[in-house]
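# Remarks on the overall topology
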Amino acid sequence: MERVSAFDEPLKKLLGGATAKVMAEHLDLHTVGDLLHHYPRRYEERGQLTALADLPLDEHVTVVAQVADARIMVFNNGRGKRLEVTLTDGSGRLQLVFFGHGVHKPHKELVPGRRAMFAGKVSVFNRKMQLAHPTYQLLDAADADEATEAVDAFAGRLLPIYPACKQLDSWRIAKAVDAVLPSARDAVDPLPGSLREGRGFTPLPEALLKVHRPQTRADIADARERLKWDEAFVLQVALARRRYADTQLPAVARKSVPGGLLDAFDAKLPFTLTEGQQKVTGEIFGDLATEHPMHRLLQGEVGSGKTMVALRAMLTVVDAGGQAAMLAPTEVLAQQHHRSITEMMGELAEGGMLGGSDQGTKVVLLTGSMGVPARRQALLDLVTGEAGIVIGTHALIEDKVQFHDLGLVVVDEQHRFGVEQRDALRSKGKQPPHLLVMTATPIPRTVAMTVFGDLETSVLDQLPAGRSPIATHVVPAKDKPHFLSRAWERVREEVENGHQAYVVCPRIGDDADEAAKKKKGRKAKEKAAEDDGEKRPPLAVLEITEELRGGALAGLRIEVLHGRMHPDDKDDVMRRFAADQADVLVATTVIEVGVNVPNATAMVIMDADRFGVSQLHQLRGRVGRGSAPGLCLLVSEAHEASPARARLAAVAATLDGFELSRIDLEQRREGDVLGQAQSGVRSSLRMLTVIDDEEVIAAAREEAVAVVAADPELEHLPDLRIVLDALLDKEREEYLDKG
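A short tour of the structure in this document, coming up. Since this is a predicted model, take the numbers as computed values, not measurements.

To continue, consider the packing of aromatic side chains. Counted by the stated rule, this structure contains four aromatic pairs. Between the aromatic rings of Phe98 and Tyr136, the centroid separation amounts to 6.3 Å while the plane-to-plane angle is 85°, which identifies the pairing as edge-to-face. Placement of Phe98 in strand S4 (residues 93–99) and of Tyr136 in strand S7 (residues 135–138) is noted, with a sequence separation of 38 residues between them. Judged by relative accessible area, which is 13%, Tyr136 ranks as buried. A centroid spacing of 6.1 Å and a plane angle of 40° characterise the contact between Phe118 and Tyr136, whose relative ring orientation is tilted. With Phe118 in strand S5 (residues 115–125) and Tyr136 in strand S7, the pair connects residues that are 18 residues apart, well separated along the chain.

Written as C-alpha cells, this is what we have:
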C-alpha cells in the first residue's frame, strides 16, 4: 500500500500553509493526488520570443523587454483608470494596457528599468501596437542563468491555463503543480494491464506529466484520452458492481397468471397498447419473472403512457399473490394517480366491496395529510393484504406502514427520490421487492449510463394515438409589447371555445414573512443591484393573478395554485380546474409533473427564460392532452441575441424531449445534471464530459461489465480496488445511490 502514500500527502507539507489553505477552501484540493487531478482547462501557445519590431497582428506572442515608461490615465470623470506601459527591446516599442481593478499590481511592479517577459495577443489601438492585459513574469533574477532558464521555460511552450480562483491565479497553480509533479510516478493505475495494452494507452504517470507539461498538442490528446478512460472506467466499475450486487439479492419471482386481474383489465381497455408499450412491458414482465429484484428505469415523454405500463406491472404482481406500491413526489400527484388508476380499473379496484368484481383488489391511498380513521383503515388493508395496490407519498415509507407481501415498488419521478427512501421501502418486503422507476424527463443515453447507471433502462418514445400537437411560440414582451396583449387575447379565445388555460410564473409572491425579509434585505439588494445592473425579480403568481383579474382576463374564472398552500386546498383547486369550474389556473411549477386536464389547451409561461429547457418541455406537456391542439407561449424580456432567447427558440422548434435534453445538457454541462446532491462523482469527473464522450462511456461500461463478471470482488485487481475505494468514500457512495 506504500505506493498510494505520495498521492495522499497533504498539500500543506509541500506548498506551505497559506497556498494549501486557499486551495482547500476555494478549489477543494487537499492532497497531492487532488492537485495532480486538477487538469488545465486549456493551453496557450507561447510564440517563439518575438522582437518588438516584428510583431504579427492578432497573434499570441511572448516578448522579453524592458519597461521604458508607465503611467496611470484617468477617464470617465475619474471613475475609470487605465495603466499604460511602454516597452522597449532595442528593436522597437510596444504599449501595454491594463484596465479597472487590474491596474494596481502591474503599476507597482512594472516600473521603468524593470525587465520582464510578457505574453498576450497583439492588437492595434490608435494606430499603435498594443497588448491588452498581458500576463507577465518579472525577470530581474540576480542570476543571469536563472533568467535565461525562465525565458526558455516560458517561451516556445504550451502554457497550461488552470481552473483558478480570485485568490490564486493559474500562474501560481502551475508553480504548485511543478512542486508535486515528481509524485506522478507513484500514481496507482486503475486500468487492468490487458485493457491498457489492448487499447494502447499511455501509462498513467506519463499521462499526468503530459497533461500538465505537454511539449506538443499530440501530448495533450494522448493524456486526455487516457485520463478520460480512467474516470469513465472507474465510475462504470462502481456501477457494474452495484448492479452485480443487486443480482445477488433474492426476490420472489412474480410471473403473470392467465385469467387473472391483468387479463380482466386488458379486456376492458378501449384501445390497444402502442408497440413501444408492448416492448417495454415485455422487458418488465421478463424482469419480474426472475428471482432477483428488477431495477429498471422507465423513461417516457409526458403522455407516452408510462402509468398504463406501470399499472399492468402492478396487476401482474397482484395476480402472483403480491402487493404493489406506487410512490409519487407530492400529495397532489399521489391523489391524481389514485384517481386515474381507480378510474381505469373501475370495479376491479373495488375488490371485497359491494358491487366490486370478484377478481378485483382494493386500491388504497396513503398520504401524510389523511384523517386518522381513513389512515387506520388503509394501514389495516395493507397489513392484511386486502389492498393489492397502494398509492402514496413518502408517508408510505414510515415505520408504521407494514405490508402483507410487498412485491413491486413503482417510483414516479426518480430525481426527487433518494436512496435512503429506496432502501427503507426495500426493507418492507419479506425479500427485496422489484423496483420500477419512472421519469418523464428525457435523459440522454450517456447520462442514463452515468447517473442512472445502476438501473437497466427502458424508453417509451412513441406517443399514444389521439395526442394532439402543441404549437410553441416565443413572445418577446420587451421588444414587442403588443405580442403579449395578443397572447392574452389567445387565452381568452381558447376559453371562449370551451377550453382552459394555465399561466405559469417562476415565483409565488409576497406573504408576511417574505415582506419582512424583503424589507431587511432591500437596502443590501438595492446596493447590489446598482453594482450589478441586476435584472428585476422574477414575476410572481400572486401579482400576475391580480393584474389579470383586473385587466387582460377580467371576467374569467381565475384560480391560483402554489406550493405554500395547504395540501387540501391545492387538491381542491386542482379538482375544480379538472372539473372545468375554472377557466385559468395561475400556478408555479407545482403543475410540472403529472397534472392531467385534457381540456386545458393553452399555457402562457411568464419569464420563460428563468426556466431550464427540460423544465419548459415538461410544463408544456400539460397542454394538448385531449383531442384539441395545444398552444404554449413563452413570454420573455430577454434580448433577442441572448443565450436565454436561443434556449427558448430551441424549445419552440422541437417537441422531441430527447433532443431538448441534449441541448439542455450542452448548455448547462454536466455539473447541473449530476446535481448538487451528487457532488461526489461530479467532483471525480474532471476530464470526462458526459455529453461529448458518449463513445468512451459506452466502451468503458462494456469493459467494466466484463471485469466485474469475471472478478466481482476485484481480488486480482488491487490497484483498481484502491482507486475505487478512494472514489467511493461516503459522500460518493451516496451520490451513486441517489442516481
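Following the structure, the description resumes.
Pairing is parallel in the open sheet, where six strands are placed in the order S16-S21-S20-S17-S19-S18. Either end of the sheet is taken by a strand with one partner, and the two such strands are strand S16 (470–476) and strand S18 (558–561). Strand after strand, the sheet turns through a mean of 20° between neighbouring axes, direction not considered. Here five bridges tie strand S17 (residues 500–504) to strand S20 (residues 600–605), and the two strands are oriented parallel to one another. Looking across to S20, one finds that Ala501 is bridged to Ala602. With respect to the sheet, helix H20 (residues 541–550) is in contact with S17, S18 and strand S19 (584–587), its orientation differing from that of S18 by roughly 180°.

Summed over the entire model, instances satisfying the criterion amount to 30 salt bridges. Glu9 is the salt-bridge partner of Lys13, the closest N and O atoms lying 2.9 Å from each other. Overall, the relative accessible area of 26% leaves Glu9 in the partly exposed class. The partner of Arg576 in a salt bridge is Asp572, and the shortest N-O contact between them spans 3.1 Å. Residue Arg576 and its partner Asp572 are both found in helix H21 (residues 567–578); the two are separated by four residues, about one turn of the helix. Judged by its relative accessible area of 36%, Asp572 is partly exposed.

Reading guide: rules and limits
- Residues numbered from 1 in each chain as written.
- Predicted model: local features only at pLDDT ≥ 70, side-chain atom pairs only at ≥ 80, totals over all residues.
- Heavy atoms only, no water.
- Phe/Tyr/Trp six-rings, centres within 6.5 Å; stacked < 30°, edge-to-face > 60°.
- Helix = DSSP H or I, 4+ residues; strand = E, 2+ residues; numbered from the N terminus.
- Buried < 20%, exposed > 50% of the residue type's maximum accessible area, 1.4 Å probe, protein only.
- Pairing = 2+ DSSP bridges.
- Axes fitted to C-alpha atoms, helices over the stretch in contact; angles between N-to-C directions.
- Contact = heavy atoms within 4.5 Å.
- Salt bridge = Lys/Arg side-chain N within 4 Å of Asp/Glu carboxyl O.

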